[in-house]
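One-letter residues, chain by chain:
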Amino acid sequence: MGHEFIDVDRTGAVVTVTLNRPGTRNACSMSMWLAIRDIFREIGASDARAVVLTGANGDFCSGADVVTSSGSEGFEGSRLTAMRQLAESVLAVHSCPMPVISKVDGVAVGAGFGLALAGDLLFCSDRSRFSAIFAKLGLSLDYGTSWFLAQRIGIHKAKELALTAEMMDAARAAELGFANAVLPVDELDARVAAVVERIAAGPPLALSMTKRMLDNAGASSLAQALETEAIAQNVNLGTKDMIEAFVAFREKRAPEFEGR
């Protein structure tokens, strides 16, 4: 896994994916988007339990590289094919079976904003800035922002952000509700680490199914959701993790889940 400008590190059951392209605020070239796709597909097939998605050098991601000649390096397909490849990238992040936590410092704009929203949780520093900046570039929304914004904050607020291309500070992100928490920059790493540690200590199979059910809730009826819950619970009842949870409760200790 990895790319010249993407660092992938694993500590225990937690994988950290870091965009690291100095001098560009981590703007992503086509090869980087494709690498993100491949990295998250590989993580999804691993035994990792949580993923942290972040950026280096004081920024998360300034979106697609539309300035330098390297923006489309290594890609010779049509523009439509390129956008479909981008779609595969965002789907790989959002559909990752493990919980994905976006840790944002600095800018997350354009496709970089969409990338941050693709995670299951979003924690940001108090100096973060966000924007669905596409309109200022003569473009419409992409990288899933049309769907993510409507899901996260509702259709009317989503339209406001998209039509005005508002640049939002961290307080605005918290007000709108797409940020789970805003932290002083020197406290961000510790808070995310604590959240990730708690998630990684949980039952992997049950959390994976819970994530999928919540992702699908907006497109399902109550009856469908109840049936899916019943099927998922039937799976859980046959796992060693469920037995471990009950034994640990009786023994008054923390359970040690194995994902089986």
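Look up: the structure comes first, before these words.
Let me sum up the structure you'll find in this document. (Residues numbered from 1 in each chain as written. Predicted model: local features only at pLDDT ≥ 70, side-chain atom pairs only at ≥ 80, totals over all residues. Heavy atoms only, no water.)

Further remarks concern the overall build of the protein chain. Helix and strand content of the protein chain: 10 helices and 9 strands. Computed over the C-alpha atoms, the radius of gyration of the protein chain is 19 Å, within 12% of the 18 Å expected from 2.2 N^0.38 for a compact globule of 260 residues. In terms of its C-alpha atoms, the protein chain occupies a principal-axis envelope of roughly 60 × 40 × 40 Å. Per-residue burial for the protein chain yields a buried fraction of 43% across its 260 residues. (Helix = DSSP H or I, 4+ residues; strand = E, 2+ residues; numbered from the N terminus. Rg over C-alpha atoms; globule rule 2.2 N^0.38 Å. Buried < 20%, exposed > 50% of the residue type's maximum accessible area, 1.4 Å probe, protein only.)

Okay, the pattern of salt bridges next. For the coordinates displayed, the defined rule picks out 16 salt bridges. A salt bridge links K157 to E160, with the nearest nitrogen and oxygen atoms 3.4 Å apart. With K157 and E160 both in helix α5 (residues 155-164), this residue pair falls 3 residues apart, about one helical turn. Residue classification places K157 among the partly exposed positions, given a relative accessible area of 36%. On the basis of relative accessible area, E160 is assigned to the partly exposed category, the value being 31%. Between E175 and R172 there is a salt bridge, and its shortest N-O distance comes to 3.2 Å. Placement of the pair is E175 and R172 together in helix α6 (residues 170-176), with a separation of 3 residues, close to one helical turn. A cluster of three or more residues bridged by salt bridges with shared partners is formed by K157, E160, E166, R172 and E175. (Salt bridge = Lys/Arg side-chain N within 4 Å of Asp/Glu carboxyl O.)

Axis separation between helix α1 (residues 30-44) and helix α2 (residues 79-94) bottoms out at 8 Å; the angle between their running directions is 35°. Judged by the twist between their axes, the crossing of α1 over α2 is left-handed. Note on element contacts: α2 touches α1 through A82, Q85, L86, E88, S89, A92 and V93, opposite M30, W33, L34, I36, R37, F40 and R41. (Axes fitted to C-alpha atoms, helices over the stretch in contact; angles between N-to-C directions. Left-handed = near helix turned anticlockwise from the far one by under 90°. Contact = heavy atoms within 4.5 Å.)

Turning our eyes to something else, we now look at the nonpolar core. Residues I36, F40, F130 and F178 are the most contacted members of the largest nonpolar core, which totals 49 residues. A total of 7 residues in this core trace back to one element, the largest contributor, which is α1. Counting residues in hydrophobic clusters, the runner-up holds 13 residues, among them A50, V52, V196 and I199. (Core = buried A, V, L, I, M, F, W, Y, C linked by side-chain atoms within 4.5 Å.)

Another aspect to go through is helix α7 (residues 185-200). With 16 residues, α7 should cover 22 Å at 1.5 Å per step; its first-to-last C-alpha distance of 23 Å lies within 8% of that length. Structurally, α7 contributes buried residues whose contacts are with β2 (14-19), β3 (50-55), β4 (100-104), β6 (121-125), β9 (181-183) and α8 (204-216). (Expected span 1.5 Å × (residues − 1).)

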